[in-house]
Amino acid sequence: MAILVCGGAGYIGSHAVHQLIAKGEEVVIVDNLQTGHRAAINPQAKFYEGDIRNSDCLDKIFTENKIEAVIHFAANSLVGESVEKPLKYFNNNVYGMQILLEGMVKHGVDKIVFSSTAATYGEPEKVPIEENDRTQPTNPYGESKLIMEHMMKWVSRANGVRFVSLRYFNAAGALEDGSIGEDHHPETHLIPLILQVPLGKRDHITVFGDDYPTPDGTCLRDYIHVIDLADAHILALNYLRDGGESNIFNLGNGQGFSVKEMIVTAEKVTGQKIKTEIGARRAGDPAQLIASSDKAKKILKWNPQFADVEKVIATAWKWHKNHPDGYSD
């Protein structure tokens, strides 16, 4: 029996595929390569270039392979773009989930692990954020992910498709051997943007606001290593295999690091001074986003291995130094 990984050529998906194969799982990937990379596809996985919004494509995959469960990463994920192009996000994310769930019901696949986001919470009422806190997204990206969670809940009740939704915070880092990593166009994540300065790709890094109610005035975020995320998806898969009921879990380190702290740590890792400039606050940036992952640790027995942010940045630096222009494709 195989695991279907939707979006397995993307950043987090490719690392999850690596970890699945390392654990002896049979993996099938479907990716339309809109934001994923052919060079990130694990050669030990069976690959279909296709779109999950295409029911014929999914029918072919489910018919040609014995799929036990789905791990779903395939979605658009840029907050700013989602505000400008909400219909793109509802089409790709929400409609994509509809077609995927229809295919799963049709072919009797009853387990799905879903890549969700802290953006489902919106402005947090308290920190750290817990799973039963209010969900009030402040952008279409977060809204689309919350709708996808609701879709799985109702399909779970009607059709017996059990799900785990993993709401994670700031994904970071790369596989330790530097063979796969983060390559987005455009790049919006803080660590790659910081590292573009020592790589000579940009003159400076802009800090958006230094007057927040935090210890150094810059935003606090919870960074979680991509391999810890990948391992959580496998633990969630095994939880469903063992008969676990549909559930939602936060994934984070439970510790906030400020933008300034990340820059100082990157300087330490790279051995280079990183020029910074202070810019205006960005609309919709909460002062701090920090997760409580106690539920995942207790129920899934999840134990993150990369709690040290210096180690997280070091793995990212190894990837970016070896691939200054990202993947070759």
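Just so we're clear, the structure is a prediction, and the values are computed from it rather than from any experiment. (Residues numbered from 1 in each chain as written. Predicted model: local features only at pLDDT ≥ 70, side-chain atom pairs only at ≥ 80, totals over all residues. Heavy atoms only, no water.)

With respect to the helices and strands, His225 occurs in strand S10 (residues 223–225). For the pair His225 and Glu49, spaced 176 residues apart in the sequence, the C-alpha separation amounts to 27 Å. Those residues within four positions of His225 in sequence are excluded, and the remaining contacts are Ala172, Gly173, Ala174, Phe306, Val312 and Thr315. A distance of 3.0 Å separates the side chain of His225 from the backbone nitrogen of Ile227, its partner in a polar contact. (Helix = DSSP H or I, 4+ residues; strand = E, 2+ residues; numbered from the N terminus. Contact = heavy atoms within 4.5 Å. Polar contact = N/O pair within 3.5 Å; in protein donor to acceptor, adjacent residues only side chain to side chain.)

Right, let's talk about the sheet that holds strand S12 (residues 257–258) for a bit. Strand order across the open sheet formed by three strands is S12-S9-S14, with mixed pairing between neighbours. The two strands at the open ends of the sheet, each matched to only one other strand, are S12 and strand S14 (288–289). Across two bridges, strand S9 (residues 220–221) lies against S12 in antiparallel orientation. What sits directly across from Leu220, in S12, is Ser258. (Pairing = 2+ DSSP bridges.)

With that settled, the discussion passes to empty space enclosed by the protein. Applying the stated criterion across every chain, the model contains one cavity of 30 Å³ or more. Each pocket or cavity is described by its volume, and for the largest cavity that value is around 40 Å³. Taken together, Tyr121, Glu123, Pro124, Glu125, Ile129, Asp133 and Arg134 form the lining of the largest cavity. (1 Å grid on protein atoms, 1.4 Å probe; cavity = no way out; pocket = protein on both sides within 12 Å on 5 of 7 lines; lining within 4 Å. Points joined across faces, edges and corners; volume = space filled by probe spheres on them.)

Another point: the packing of helix H4 (residues 86–106) against helix H5 (residues 140–159). At a minimum axis distance of 9 Å, the contact between H4 and H5 shows a crossing angle of 20 degrees. On the basis of their axis angle, the class for H4 and H5 is roughly parallel. Our pair here, H4 against H5, has a crossing hand that is right-handed. Side by side, H4 and H5 meet where Pro86, Tyr89, Phe90, Asn93, Val94, Met97, Gln98, Leu101 and Val105 of the first sit next to Pro140, Tyr141, Glu143, Ser144, Ile147, Met148, Met151, Met152, Val155 and Asn159 of the second. Here the contact of H4 with H5 is built from residues that sort into 14 nonpolar, four polar and one charged. (Axes fitted to C-alpha atoms, helices over the stretch in contact; angles between N-to-C directions. Parallel < 35°, antiparallel > 145°, perpendicular 65-115°, else oblique. Left-handed = near helix turned anticlockwise from the far one by under 90°. Nonpolar A, V, L, I, M, F, W, Y, C, P; charged D, E, K, R; others polar.)

Attention shifts here to the layout of surface pockets. Each pocket or cavity is described by its volume, and for the second largest pocket that value is around 180 Å³. Lining the second largest pocket are 15 residues, and of these Asp183, Gln196, His320, Pro324 and Gly326 sit closest to its centre. Here the residues of the lining of the second largest pocket sort into four nonpolar, six polar and five charged.

So, to be careful, I would describe these as geometric facts and stop short of saying anything about function.
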